[in-house]
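# Coordinates in review
Here are the chains, one letter per residue:
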Amino acid sequence: MRAALLQLTSSDDPAANLETVRAMLREAAGQGAGLVLTPEVSNCVSMDRAHQRAVLRPEGADPFIAGCREEAAALGVWLLLGSVAVKSDPPEERFANRSLLIGPDGAIMARYDKMHMFDVAVSETETYRESAGFAPGDRAVLAQTPFGAIGMTVCYDLRFAYLYRALAQAGAMVLTVPSAFSPGTGPDHWQPLLQARAIETGCYVLAPAQTGTHAAQAGRTRKTYGHSLAIDPWGRVILDAGTEPGVFCLDLDPEAVADARRRLPSLTHDRPVRGLA
Ligand SMILES: O=C(O)CNC(=O)[C@H](CS)NC(=O)CCC(=O)C(=O)O
């Protein structure tokens, strides 16, 4: 199975972002991809809550999602919308940061709401309070596909190893980590964390990312780290997309998952943690 990671510099205009993603989906399908993955908040990168309230929609009424479903169906590809920002069901006023797996007929096959909120002061000038705008999800999601089960996660989830271990022990072959990683943490943490998750689980780790400088919002420029990565089940980097937007393909081999786990079966060697109480 060939997969394609789309590296994006999404703006705060969902209609413009839809046109970009549709064109890249066609390019990915033209290169033989049967599975295409997009980064976190593909539909809208914005830190301006009023703007988000004006342009974002509930999942069922979102033209960005509808357009992506239509394009996936026209091309017959699986599409992981890494995440989209959507309005939640009332009375929750915050948005959901939702990962959607779309089948080759355009149907939504699975949905996962990001569980861990990035409430972090990376430095004095770089602070985030994701939980002010987004309501966290409360359940992990493993999506079944003909090419293996996908453990769906988003960005900051990456730092919570037990989520990935649980997904792998439940049968995941691929772990997805669509992201908009911060420039303050990316250079030191992004690649080693992704490699660690692959090494610990014997899964492919696919991490499509936002990159570059996004449209200024509420007087703040938002930058993201880029470097969409694919890691094989032995922990080797098999794709690094650098910092320019684009379509980046790789091939998935289910045998590589079985091989890695035969050579290093640590996923079956858990011991209960006792003695701390
Ligand atoms: O706010 C949005 O539009 C969507 N959400 C994000 O971009 C989130 C929260 S700001 N970003 C991350 O989780 C980065 C994590 C990270 O960089 C790290 O763990 O070091």
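Residues numbered from 1 in each chain as written. Predicted model: local features only at pLDDT ≥ 70, side-chain atom pairs only at ≥ 80, totals over all residues. Heavy atoms only, no water.

## Structural notes on the site of the ligand
- Inspection of the region around the ligand gives 17 residues, with Lys114, Arg159, Ser182, Thr185 and Arg222 positioned closest.
- A distance of 2.6 Å separates an oxygen atom of the ligand from a polar atom in the side chain of Thr185.
- Within the side chain of Arg222, an N or O atom sits 2.6 Å from an oxygen atom of the ligand.
- Coverage of the ligand by the protein chains reaches 98% of its 490 Å² of free accessible surface.
- Looking at side-chain class alone, the shell around the ligand contains eight nonpolar, four polar and five charged residues. (Near = heavy atom within 4 Å. Polar contact = N/O pair within 3.5 Å; in protein donor to acceptor, adjacent residues only side chain to side chain. Areas by Shrake-Rupley, 256 points an atom, 1.4 Å probe, with all protein chains shown as cover. Nonpolar A, V, L, I, M, F, W, Y, C, P; charged D, E, K, R; others polar.)

## A look at the pattern of salt bridges
- Following the criterion strictly, the structure yields 15 salt bridges and no others.
- The shortest N-O distance in the salt bridge between Glu59 and Arg111 comes to 2.6 Å. Of this pair, Glu59 sits in the loop between helix 2 (49-55) and helix 3 (63-75) while Arg111 sits in strand 5 (residues 108-113); the two residues are 52 residues apart in sequence, bridging distant segments of the chain.
- Through salt bridges that share partners, Arg22, Arg26, Glu70 and Glu71 make up one connected network. (Salt bridge = Lys/Arg side-chain N within 4 Å of Asp/Glu carboxyl O. Helix = DSSP H or I, 4+ residues; strand = E, 2+ residues; numbered from the N terminus.)

## Looking at helix 3
- With 13 residues, helix 3 extends 18 Å from end C-alpha to end C-alpha; this agrees with the ideal 18 Å at 1.5 Å per step.
- Taken as a whole, helix 3 has its buried residues at Phe64, Ile65, Gly67, Cys68, Glu71 and Ala72. Seen along its axis, helix 3 keeps its buried residues to an arc of 165 degrees; they face one direction. Seen from the buried face of helix 3, the exposed residues on the opposite side, beyond 90 degrees, are Pro63, Glu70 and Ala74.
- Its side-chain oxygen placed 2.7 Å from the backbone nitrogen of Phe64, Asp62 serves as the N-cap of helix 3. (Expected span 1.5 Å × (residues − 1). Buried < 20%, exposed > 50% of the residue type's maximum accessible area, 1.4 Å probe, protein only. Arc of directions from axis to C-beta.)

## Regarding the sheet that holds strand 3 (residues 78-87)
- Taken together, six strands build an open sheet; the order of strands is 5-4-3-2-1-16 and the sheet is mixed. Looking along the sheet, the strands with just one partner apiece sit at the ends: strand 5 and strand 16 (246-251). Within the sheet, the average angular offset between the axes of one strand and its neighbour, ignoring direction, is 25 degrees.
- Two elements, strand 1 (residues 2-7) and strand 2 (residues 35-37), share three bridges in a ladder whose sense is parallel. Paired with Leu5 across the bridge in strand 2 is Leu37.
- Its contacts with the sheet place helix 3 against strand 3, strand 4 (95-102) and strand 5, and it is angled at close to 170 degrees to strand 3. (Pairing = 2+ DSSP bridges. Axes fitted to C-alpha atoms, helices over the stretch in contact; angles between N-to-C directions. Contact = heavy atoms within 4.5 Å.)

## Description of the packing of aromatic side chains
- By the definition in use, this model includes seven aromatic pairs.
- Their ring planes at 55 degrees and their centres at 6.1 Å tell us that Phe95 and Phe134 sit as a pair that is tilted. One end of the pair, Phe95, is in strand 4; the other, Phe134, is in the loop between helix 4 (130-133) and strand 8 (141-143), with 39 residues separating them in the sequence. Both residues of the pair, Phe95 and Phe134, count as buried.
- Between Phe160 and Tyr162, the aromatic rings sit 6.4 Å apart at their centres with planes inclined by 70 degrees, giving edge-to-face as the arrangement.
- In this structure Tyr162 comes out as exposed when scored by relative accessible area, which is 58%.
- Every member of this aromatic cluster is reached through a ring pair, and the members are Phe118, Tyr128, Tyr156, Phe160 and Tyr162.
- Over the ring of Trp234 we find Arg263; its NZ or CZ atom is 3.7 Å from the centre of that ring. (Phe/Tyr/Trp six-rings, centres within 6.5 Å; stacked < 30°, edge-to-face > 60°. Lys NZ or Arg CZ within 6 Å of the ring centre and 35° of its normal.)

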